[in-house]
Amino acid sequence: MKATYHKYMLEFKRPSGTSRGVLTEKETWFISIEHNGKKGIGECGILRGLSADDRPDYERRLQWTCENINLGVTALWDALIEFPSIQFGVEMAFQSLASANPFELFPSDFTNGAQAMDVNGLIWMGEEAYMKEQIEEKLADGFRCVKLKIGAIEFEKELSLLRYIRTHFTADQVELRVDANGAFDKNDALDKLTQLSEFELHSIEQPIAKNQADSMAELCKNTPFPIALDEELIGVYSTADKEELLQKIKPQYIILKPSFVGGFRGTQEWIDLAEKHQIGWWITSALESNIGLNAIAQWTYLQNSPLPQGLGTGALYTNNFDSPLQVKAGQLWYKKEVGWSFDFAFFEKR
């Protein structure tokens, strides 16, 4: 068995704002493995400044992984516990290698094109007019669940945007989620949640920054509408630590990005614990290319979650790979008749 790794820079179609700054490009890495004439591909979806494995030795660990690919997926997953995005890339690559079609990792009614998944429409931070433009576009496209990133412009303007939506669409017509990315101060977060509750929101992701467990627990206890943990889960590796965090904070939801929490295996551990403690969950991408998004979407479909997932990110980039993943009227479909623009010679051509 032979493995190689490759860096690739994804270019945003337009700068995309978060509370941590504006994104213009996104670094990703691929692991390609070959055995007995077959090939598999996996994506290591690191997000600089946020991923637990954003470390100086990241590329060295990728090289070590490729040099030791014969250890197999289980031993490598265990050895890469502090590198969750590489864990995911390895899992994906081995599953791709074992599949009849390297891009159809988990055959189902989804990959057959018979069933779709509900996804949320994502509204990036920016000037009020730009956010309003995005909102109108998503609603016109038929999304019944819209997620707004908040925390970067004046709070009153964000309230105005939410008021604008609710003036035209009731909570029964459009589900609203907001994501603060930890932007609120713990001292006035509850007051802001109270003001936001006027708009019948489904949930808010990570209202305050991670590693403030006592304050987050207090918020989850007193919040007027559900709180979902996101960044809070990053860097929590052992099952015991995961359960301790959930028991302490008692969130209403957790949000799972396989590239951040150790791939399929790590995500499944969080799901099992969440269900044990009656905590809801859904899965989102971490801005992977369509290669990683494809694997996440296929696996997510098998989990039978009734909630809209955060998997509608395939159209963000100018240089993404064409794939069967298509978003239509707020649903993610797998259109087999649409082929891939990626082949394994891609890396050799670069």
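Residues numbered from 1 in each chain as written. Predicted model: local features only at pLDDT ≥ 70, side-chain atom pairs only at ≥ 80, totals over all residues. Heavy atoms only, no water.

As annotated in an unreviewed UniProt entry, the chain carries the name O-succinylbenzoate synthase and comes from Flavobacterium turcicum.

*Asks:* I keep staring at the overall build of the chain and nothing clicks. Help me out?
*Replies:* Regarding its fold elements, the chain presents twelve helices and 13 strands. Over its C-alpha atoms the chain spans a radius of gyration of 20 Å, differing by no more than 12% from the 20 Å that the globule rule assigns to 350 residues. Taken over the C-alpha atoms alone, the chain extends approximately 60 × 45 × 35 Å along its principal axes. Here the chain holds 350 residues, and the buried ones make up 55% of them. A separation threshold of at least 6 residues defines the contact pool for the chain, and within that pool the share at least 24 residues apart is 69%. Surface exposure of the chain reaches about 14,600 Å², of which carbon and sulfur atoms provide 47%. Measuring between centres, the 36 positive side-chain charges of the chain sit 2 Å from its 50 negative side-chain charges. (Helix = DSSP H or I, 4+ residues; strand = E, 2+ residues; numbered from the N terminus. Rg over C-alpha atoms; globule rule 2.2 N^0.38 Å. Buried < 20%, exposed > 50% of the residue type's maximum accessible area, 1.4 Å probe, protein only. Contact = heavy atoms within 4.5 Å. Areas by Shrake-Rupley, 256 points an atom, 1.4 Å probe, with all protein chains shown as cover. Lys, Arg positive; Asp, Glu negative; His and termini not counted. Charge placed at Lys NZ, Arg CZ, Asp CG, Glu CD.)

*Asks:* What am I meant to see in the sheet that holds strand β8 (residues 203–205) here?
*Replies:* Pairing between sheet strands relies on hydrogen bonds along the backbone, with the strands arranged either parallel or antiparallel. One open sheet holds the seven strands; their spatial order is β5-β6-β7-β8-β9-β10-β11, and the pairing between them is parallel. The open sheet has two edge strands with one neighbour each: β5 (121–123) and β11 (280–283). The mean inter-strand angle of the sheet, taken between neighbouring strand axes irrespective of direction, is 25 degrees. As judged from the two bridges shared by β8 and strand β9 (residues 227–229), these two strands associate in the parallel manner. Its bridge partner lying in β9, I204 is registered against I227. (Pairing = 2+ DSSP bridges. Axes fitted to C-alpha atoms, helices over the stretch in contact; angles between N-to-C directions.)

*Asks:* Where do I start with the side chain of E91 in this structure?
*Replies:* Position of E91 among the secondary structure elements: in helix α3 (residues 84–98). For the buried E91, which has no salt bridge, the nearest side chain bearing the opposite charge is R265, at an N-O separation of 6.2 Å. When residues no more than four places from it in sequence are discounted, the contact partners of E91 are V73, W77, G262, G263, F264 and R265. (Salt bridge = Lys/Arg side-chain N within 4 Å of Asp/Glu carboxyl O.)

*Asks:* It is not clear to me how the UniProt feature "domain: Mandelate racemase/muconate lactonizing enzyme C-terminal" (unreviewed entry) in the chain should be interpreted in this structure. Could you clarify?
*Replies:* According to UniProt, the positions carrying the feature "domain: Mandelate racemase/muconate lactonizing enzyme C-terminal" (unreviewed entry) are residues 128–226. Helix makes up 45% of residues 128–226 and strand 13%, and the two end C-alpha atoms of the span are 25 Å apart. (UniProt positions renumbered as here; feature names shortened; annotations may be inferred.)

*Asks:* Help me out: how do you make sense of the sheet that holds strand β13 (residues 331–334) in this one?
*Replies:* On the basis of which strands lie adjacent, the open sheet formed by three strands has the order β4-β13-β12 and antiparallel pairing. Both edges of this open sheet fall to β4 (117–118) and β12 (325–328), since each of them pairs with a single strand only. In terms of strand pairing, β12 meets β13 through four bridges, oriented antiparallel. Opposite V327, over in β13, you have L332 as the bridge partner. Sheet strands in contact with helix α11 (residues 290–301) are β4, β12 and β13, and its direction is about 70 degrees off that of β12.

*Asks:* Sorry, what's going on with the packing of aromatic side chains here?
*Replies:* Taken as a whole, this structure holds 20 aromatic pairs when the rule is applied. Look at F12 and Y317: their rings are 4.9 Å apart centre to centre, the planes differ by 65 degrees, and that puts the pair in the edge-to-face class. Of this pair, F12 sits in strand β1 (residues 2–18) while Y317 sits in the loop between α11 and β12, and the two are 305 residues apart along the sequence. A relative accessible area of 7% means that F12 is categorised as buried. A relative accessible area of 4% places Y317 in the buried class. Among the aromatic residues, ring-to-ring pairing joins Y8, F30, F103, F321, W340, F342 and F344 into one connected group. (Phe/Tyr/Trp six-rings, centres within 6.5 Å; stacked < 30°, edge-to-face > 60°.)

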